[in-house]
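Breakdown of the fold
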Amino acid sequence: MASLPTCSAAELTPLLSFTANATAAADYICNRFTATSDKFTTTTYAIDNTYLLFSAYLVFAMQLGFAMLCAGSVRAKNTMNIMLTNVLDAAAGGLSYYIFGFAFAFGGPSNGFIGKHYFGLKSIPSAVYDYSFFLYQWAFAIAAAGITSGSIAERTQFVAYLIYSSFLTG
C-alpha cells in the first residue's frame, strides 16, 4: 500500500509568500490536510472491515446450503441428526479454530509449515490481524467441515464425526 503524502509547513510557506501571514496559512493548510488524511484512513479501515464482515456472513450462510443439501440426501429419520451435525460443526469448529486453527494458519514466523503464535487469539487485535479477519477465516474453516459432513452423512457415528470436524478446523 502506498503511503499518503505528508504536508510540511516549511515546504508550503515559500509557495504562499504572496500573503502577509504565509507561515500561519501554511500551518492551517497542513493541519487541515492531516485531519482529512486521518479521516480517510479511518474511513478506509471501516469500509475494509465492513466488506470483510459481510463476506464472512455470506460464507457462513453457505452452511445453511450445505445443511439443506445434506438433509435432502439422507433418509427422513436422519434429518434432525444432520441439522445437529451442521450446527455443531460451527460450534466445535469455532472452538477448535479459536484455540489452534488460527495460530497454525497465521501464527508465523515459524518453521515455514505451521504457525506457533496467536494460540487462543493471544495478542489479537494486532497491527496485522483483528477479530473481523479471524471471523472471515473461521467461516471458511467451518465451510470446509460442512462440505465433508455431506459426503459422510449416515456413514459415521456422531461423536466420531465431531472429533474429525474439530481436527479439520483446528
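Refer to the structure printed above.
A brief structural summary. Quantities reported herein were computed from a predicted structural model and do not represent experimental measurements.

Details of helix H5 (residues 158-169)
Relative to the 16 Å expected for 12 residues at 1.5 Å per residue, H5 spans 17 Å between its end C-alpha atoms, a close match to the ideal helical length. Summarising the contacts, the buried residues of H5 are in contact with helix H3 (79-106) and helix H4 (131-151).

Details of the packing of aromatic side chains
Each aromatic ring pair is summarised here by two numbers: the centre-to-centre distance and the angle between the ring planes. Going through the model one piece at a time under the given rule, you end up with 17 aromatic pairs. Between Tyr129 and Phe133, the aromatic rings sit 5.1 Å apart at their centres with planes inclined by 20°, giving stacked as the arrangement. This pair shows no difference in class: Tyr129 is buried, exactly as Phe133 is. Summarising the aromatic geometry, the rings of Tyr136 and Phe140 are spaced 5.2 Å apart at their centres and angled 80° between planes, so their arrangement reads as edge-to-face. In this pair, Tyr136 and Phe140 both sit in helix H4, four residues apart, roughly one turn of the helix. Taking relative accessible area as the criterion, Tyr136 reaches 22% and is therefore assigned partly exposed. Through successive ring pairs, a cluster of aromatic residues spans Tyr97, Phe102, Phe106, Tyr118, Tyr129, Phe133 and Phe134.

As for the nonpolar core
Here is a general trend for soluble globular proteins: nonpolar side chains tend to be buried in one another's company. Core analysis: the largest hydrophobic core is formed by 14 residues, its most contacted members being Tyr97, Phe102, Tyr118, Ile124, Tyr129, Phe134 and Trp138. Breaking this core down by element, the ones donating at least two residues are H3 and H4. What Trp138 contacts, discounting residues up to four positions off in sequence, is Phe60, Ala90, Gly93, Gly94 and Tyr97. With six residues, the next largest nonpolar core counts Ala9, Leu12, Ala22 and Ala26 among its residues.

Scoring rules and cut-offs
Residues numbered from 1 in each chain as written. Predicted model: local features only at pLDDT ≥ 70, side-chain atom pairs only at ≥ 80, totals over all residues. Heavy atoms only, no water. Helix = DSSP H or I, 4+ residues; strand = E, 2+ residues; numbered from the N terminus. Expected span 1.5 Å × (residues − 1). Contact = heavy atoms within 4.5 Å. Phe/Tyr/Trp six-rings, centres within 6.5 Å; stacked < 30°, edge-to-face > 60°. Buried < 20%, exposed > 50% of the residue type's maximum accessible area, 1.4 Å probe, protein only. Core = buried A, V, L, I, M, F, W, Y, C linked by side-chain atoms within 4.5 Å.

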